[in-house]
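Report on the structure
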Amino acid sequence: MTLIEPIMLVGAAIGGVTGAVWGFGSGIGWAVVGLLGGVVLGPLFLVLLLVVLAMLITLFKQGPRAVLRELRWRRSR
């Protein structure tokens, strides 16, 4: 198992619970929709959050040029 699988599973669990709790105030149907939406969107937002966090850490530790170097598109030869 690589690092991405646990991140996706944790994101799905957190997103599902959050969506279900937020939807429960409006009814059971909204709780189910929130659960399903959280399971789908939770991993995507968690991965995006971790990428932004990694870029911020790189920015503070190595400076803006290192961030731009990591964002630059590289051709494979």
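Our structure is the block above this text.
A brief report on the enclosed structure follows. Predicted model only: the values in this text are computed from it and were never measured.

Comments concerning the environment of Met55
- Mapped onto the fold, Met55 is located in helix α2 (residues 28–62).
- Note on Met55: relative accessible area 32%, which makes it partly exposed.
- Expressed as a C-alpha distance, the spacing of Met55 and Glu70, which sit 15 residues apart in the sequence, is 8.8 Å.
- The residues touching Met55, leaving out its near neighbours within four places in the chain, are Val67 and Leu71.

Brief notes about a nonpolar patch on the surface
- Taken together, the side chains of Val40, Leu41, Leu44, Phe45, Leu48, Val52, Leu56, Leu59 and Phe60 make up a nonpolar region of the molecular surface, amounting to roughly 890 Å² of accessible area.
- With a relative accessible area of 39%, Leu56 lands in the partly exposed category.

Structural notes on the packing of helix α1 (residues 4–24) against α2
- Direction vectors running N to C along α1 and α2 enclose 145 degrees, while the axes themselves pass 5 Å from each other. Crossing angle aside, the handedness with which α1 passes α2 is right-handed. Between α1 and α2, the contacting residues are Ile4, Ile7, Met8, Val10, Gly11, Ala12, Gly15, Gly16, Gly19, Ala20, Gly23 and Phe24 on the first element and Ile28, Trp30, Ala31, Gly34, Leu35, Gly38, Val39, Gly42, Pro43, Leu46, Val47 and Leu50 on the second.
- Looking at the contact of α1 with α2 residue by residue, the class counts come to 16 nonpolar, 8 polar and no charged.

About the cut-offs
Residues numbered from 1 in each chain as written. Predicted model: local features only at pLDDT ≥ 70, side-chain atom pairs only at ≥ 80, totals over all residues. Heavy atoms only, no water. Helix = DSSP H or I, 4+ residues; strand = E, 2+ residues; numbered from the N terminus. Buried < 20%, exposed > 50% of the residue type's maximum accessible area, 1.4 Å probe, protein only. Contact = heavy atoms within 4.5 Å. Patch = residues over 30% accessible without salt bridge, like charges linked within 9 Å, V, L, I, M, F, W, Y side chains within 5 Å. Areas by Shrake-Rupley, 256 points an atom, 1.4 Å probe, with all protein chains shown as cover. Salt bridge = Lys/Arg side-chain N within 4 Å of Asp/Glu carboxyl O. Axes fitted to C-alpha atoms, helices over the stretch in contact; angles between N-to-C directions. Left-handed = near helix turned anticlockwise from the far one by under 90°. Nonpolar A, V, L, I, M, F, W, Y, C, P; charged D, E, K, R; others polar.

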